[in-house]
Amino acid sequence: MALGLAKKGSSRNIAVERKNLITVCRFSVKTLLEKYTAEPIDDSSEEFVNFAAILEQILSHRFKGPVSWFSSDGQRGFWDYIRLACSKVPNNCVSSIENMENISTSRAKGRAWIRVALMEKRMSEYISTALRDTRTTRRFYDDGAIMLREESTVLTGMLIGLSAIDFRYFCLKGEVMDGKTPVVIDYTPYLKFTQSYDYLSEEEERGSVESSTSEDSSPEHPYLPLVTDEDSWYNKWRKMEQKFRIVYAQKGYLEELVRLRESQLKDLEAENKRLKLRLEEVMVQNQLEKRELEGVILELQEQLSPALVAVPGAEHPPLPQDGADPLREPAAGPALQGDGDTLGEPVAIAGDPQRQ
């Protein structure tokens, strides 16, 4: 009973971890898009630093084993998985990162890969290709990891929107790239508290409005904002401008998503056409082999039919003696004389003029 409760609690904790990481990643992508509409993004931007930390946590979620014999520093990180699973991506950056002189640890190479993939605008392509290699993914991740669950599909969809951002100001050096400093996610930008006045009842709101109209009385609720018409219009304009920028960034995200889906659809159509042609070839080859086998069977039947003919008056043909060939006719022996006990001249037959 206690073991079952502990297992249930562990599953619940893993599910909450996945939900938290995916949710905060969605917020991080949104803040990056909003930041990009106002100014360029480099590796010192707080929004990017937080996003890189979140993505590193996602790729390291329930990663198998801390030690690896094939890593240069002996520590096993998500770079070891990316290096193998993304090797099939055309024109990938894996070999370039492996050959970097100032980056030696597995963690540093993983962080360098995140920055290079963003600069190439191919982060979603890398992750999608890695997820299709299910054998390698299960080799590196434990059950319950984000990379093994449906949240991985949500992750690739979110990363498509980053293709609308121009990441050109990254420096693959510094303390962050040394791989010794662990990443820490800053949750405060995603926990903004908005003042709400829903706690006021209708009577209190009505009373506050009446009291505010009188000159002698002061507002009953000092938290109610008092703004002029000019400030109000300016705030409205700022909000509309911010919404426009967000919608514009979302437009770029949707266009990139449509482009990716069209590319995937073309690839699937080409694969479907290739499989249909292959199926037709296999069917034609099957028919030819079937006809050849039928001809061979008929030829064998014709060759075996004389040997299967039964001897008249007997159910089976007599077996040969001393290994003789049953199909060969018996040799003609000498004629018997008289009673057949001695050999000699042929017996004369009465009425034969030649014998007489």
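Before going into details, it helps to say that this report is about the structure given with it. Note that the structure is a prediction, hence the values are computed from the model and not measured. (Residues numbered from 1 in each chain as written. Predicted model: local features only at pLDDT ≥ 70, side-chain atom pairs only at ≥ 80, totals over all residues. Heavy atoms only, no water.)

1. Some remarks on the pattern of salt bridges
On inspection of all chains with the given rule, the structure shows twelve salt bridges. A salt bridge links Arg83 to Glu98; the nearest nitrogen and oxygen atoms lie 3.4 Å apart. Residue Arg83 is found in helix α3 (residues 78-85), and its partner Glu98 is found in helix α4 (residues 94-98); the two are separated by 15 residues along the sequence. Assessed through its relative accessible area of 24%, Arg83 is described here as partly exposed. Note that Arg122 is salt-bridged to Glu120, the shortest N-O span being 4.0 Å. The class for Arg122 is buried, based on a relative accessible area of 15%. Overlapping salt bridges, with partners in common, bring together Arg83, Glu98 and Lys109 in one network. (Salt bridge = Lys/Arg side-chain N within 4 Å of Asp/Glu carboxyl O. Helix = DSSP H or I, 4+ residues; strand = E, 2+ residues; numbered from the N terminus. Buried < 20%, exposed > 50% of the residue type's maximum accessible area, 1.4 Å probe, protein only.)

2. Some words on unusual backbone geometry
In this structure, Arg62 takes a positive phi of about 55° despite not being glycine. Tracing the sequence through the fold places Arg62 in the loop between α2 (46-59) and α3. Look at Lys121: it is not a glycine, yet its phi comes out positive at around 60°. With respect to the element layout, Lys121 can be found in the loop between α5 (106-120) and α6 (123-132). Here Lys121 falls in the partly exposed class, since its relative accessible area comes to 37%.

3. As for the nonpolar core
Grouped together as the largest cluster of nonpolar side chains are 56 residues, with contacts concentrated most on Phe51, Tyr81, Trp113, Leu118, Met123, Tyr141 and Leu162. For this core, the elements supplying multiple residues, two or more each, are α1 (2-38), α2, α3, α4, α5, α6 and α8 (151-160). Here this core takes eight residues from α2, the largest share from any one element. What Tyr81 contacts, discounting residues up to four positions off in sequence, is Phe63, Ala130, Leu131, Thr136, Thr137, Phe140, Tyr141 and Met147. (Core = buried A, V, L, I, M, F, W, Y, C linked by side-chain atoms within 4.5 Å. Contact = heavy atoms within 4.5 Å.)

4. Quick notes on the packing of α6 against α8
Where α6 meets α8, the closest approach of the two axes is 8 Å, and the angle between their N-to-C directions is 160°. Put simply, α6 runs roughly antiparallel to α8. The crossing of α6 and α8 is left-handed. Packed against α6, whose contacting residues are Met123, Ser124, Ile127, Ser128 and Leu131, the element α8 presents Ser152, Thr156, Leu159 and Ile160 at the interface. (Axes fitted to C-alpha atoms, helices over the stretch in contact; angles between N-to-C directions. Parallel < 35°, antiparallel > 145°, perpendicular 65-115°, else oblique. Left-handed = near helix turned anticlockwise from the far one by under 90°.)

5. Description of α2
Here α2 is 14 residues long and its end C-alpha atoms lie 20 Å apart, about the 20 Å a rise of 1.5 Å per residue gives. Among the residues of α2, Phe48, Asn50, Phe51, Ala52, Ala53, Ile54, Leu55, Glu56, Ile58 and Leu59 are the ones counted as buried. (Expected span 1.5 Å × (residues − 1).)

6. Comments concerning the environment of Tyr141
Within the secondary structure, Tyr141 sits in the loop between α7 (134-140) and α8. Assessed through its relative accessible area of 1%, Tyr141 is described here as buried. In this structure the C-alpha to C-alpha distance between Tyr141 and Lys64, which are 77 residues apart in sequence, comes to 5.2 Å. Other than its neighbours up to four places away in sequence, Tyr141 contacts Leu59, His61, Arg62, Phe63, Lys64, Phe78, Tyr81, Met147 and Leu148. A distance of 2.5 Å separates a polar side-chain atom of Tyr141 from the backbone oxygen of Leu59. (Polar contact = N/O pair within 3.5 Å; in protein donor to acceptor, adjacent residues only side chain to side chain.)

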